[in-house]
Amino acid sequence: MTTRSASDLAIDRYLAELDSALRAVPAFHRNRILEEIREHIGEGRALLDVEDESSIGALLARIGDPKTIAAEAGAVDEVVGSRGRDAWVPWLLLLGAIPGVVFWLLGVGWILGVGFLWTSVRWRLSDKLIGTLVLPGGLLAFVLLLVRPAGATVCASHGGPGVSTVTHCTSSGLMLAPEVGLPLLIVLLVAPVFTIMWLRRNPHSTSVSDT
Amino acid sequence: MRCMVPGNDPAWLAQLRRGSVEHCVLALLSQGERYGFDLARTLADAGGLIASEGTIYPLLARLRRNGLVETTWRESSEGPPRRYYRLTEDGALALSEFIHEWKRFQIAVNSILEQDSAA
């Protein structure tokens, strides 16, 4: 059967409404709740004597207003209690390491961000790996390259007037030709920004089962 | 009744339900395994315990998260395999604590309400 009946369409519409009402619920719980309500509809449907618009409507009405279900689901998050923390994660990952330019210990914000990321239920494993590895330190590498341009040479002269002058030159940063350095700079900027946009997008739809 | 929020404000009712319905689920499961649909229908038919059948699923998610219930997929005699809910040891403990506290609570509330109606 490839055609969807009127009942199927009404059920699809209900589930889509529920899906969007549950948007704020972590993917983990949201998918499980949707899955179980889909099963519930299947069970209820099998029990109907007559399947028509009104009996399907009554079945869905018994399950309830998606907003009521979402309100109950809000309480799942209270237990988790990390939604406020989740909001900080992308920013800590992006910017948290930058103070480390001044003094490396000040870069601890990024490590905190990684800790929050891995203990959160909002993101799945692949998101956590991306958040950690692209790029470690967030914009730190970009900032480092910017304040100490690749191949920069710093010269310091010692000695006073009349004395023979000795000049010491030290190179810092990587010795890179501009045609390599510039694309690298762009990658170091774009990659962490991409990661942060990735982590900030709406909870995704994945089929995760937690038991 | 001075001790309650006036009127039929759904906020207090929702709060009252939340704590007690969770334990009603645990009580139902203490009699044996059940699947979601069965739990939802039983609670809905009891009247006034849950706002609608669908609200049972976020509630079950919370119980699962707290380790009070667990699920297994099993073939059923009629129809497709089902997800059965079962009480864990922690769940059984939480239930017995609730039963104890609930009895005390009920007696205390009733004694106040009866005083109130007698006055």
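Residues numbered from 1 in each chain as written. Chains lettered and ligands numbered in written order. Predicted model: local features only at pLDDT ≥ 70, side-chain atom pairs only at ≥ 80, totals over all residues.

**A look at the environment of Thr-68 of chain A**
Logical step 1: When you line up the elements, Thr-68 of chain A lands in helix H4 (residues 66–80).
Logical step 2: A tally of 18 C-beta atoms within 10 Å means that Thr-68 of chain A is categorised as partly exposed.
Logical step 3: On a C-alpha basis, the gap between Thr-68 of chain A and Ala-21 of chain A in space is 9.2 Å, while along the polypeptide they are 47 residues apart.
Logical step 4: Apart from the residues within four sequence positions on either side, Thr-68 of chain A is in contact with Ala-51, Ser-52 and Thr-55 of chain B. (Helix = DSSP H or I, 4+ residues; strand = E, 2+ residues; numbered from the N terminus. Buried ≥ 20, exposed ≤ 12 C-beta atoms within 10 Å, placed from the backbone. Contact = placed C-beta atoms within 7 Å.)

**Comments concerning the confidence of the model for chain B**
All names here are of chain B.
Logical step 1: A residue-level look at chain B finds 91% of positions with pLDDT of 70 or above and a mean pLDDT of 86.
Logical step 2: Every residue in residues 1–9 scores below 50 in pLDDT, and together they form 5 contacts with partners more than four places removed in sequence or on other chains.
Logical step 3: Two numbers describe this predicted complex: its pTM, 0.57, and its ipTM, 0.82. (pLDDT = per-residue confidence, 0-100.)

**Section: the sheet that holds strand E2 (residues 69–74) of chain B**
Hydrogen bonding along the main chain pairs the strands of a sheet, whether they run parallel or antiparallel.
Residue and element names in this part refer to chain B.
Logical step 1: Strand order in the open sheet made by the 3 strands is E1-E3-E2, with antiparallel pairing throughout. Edge positions in the sheet fall to strand E1 (34–35) and E2, since each has one partner strand and no second.
Logical step 2: As paired elements, E1 and strand E3 (residues 82–87) share 2 bridges and run antiparallel to each other. Note on E3: the bridge partner recorded for Tyr-35 is Tyr-84.
Logical step 3: Packing of helix H3 (residues 56–65) onto the sheet brings it into contact with E2 and E3, and relative to E2 it is tilted by some 110°. (Pairing = 2+ DSSP bridges. Axes fitted to C-alpha atoms, helices over the stretch in contact; angles between N-to-C directions.)

**Looking at helix H2 (residues 27–47) of chain A**
Logical step 1: End to end, H2 of chain A covers 30 Å across 21 residues, agreeing with the expected 30 Å (1.5 Å per residue, within 8%).
Logical step 2: All buried positions along H2 of chain A are accounted for by Ala-27, Phe-28, His-29, Arg-30, Asn-31, Arg-32, Ile-33, Glu-36, Ile-37, His-40, Ile-41 and Gly-44 of chain A. (Expected span 1.5 Å × (residues − 1).)

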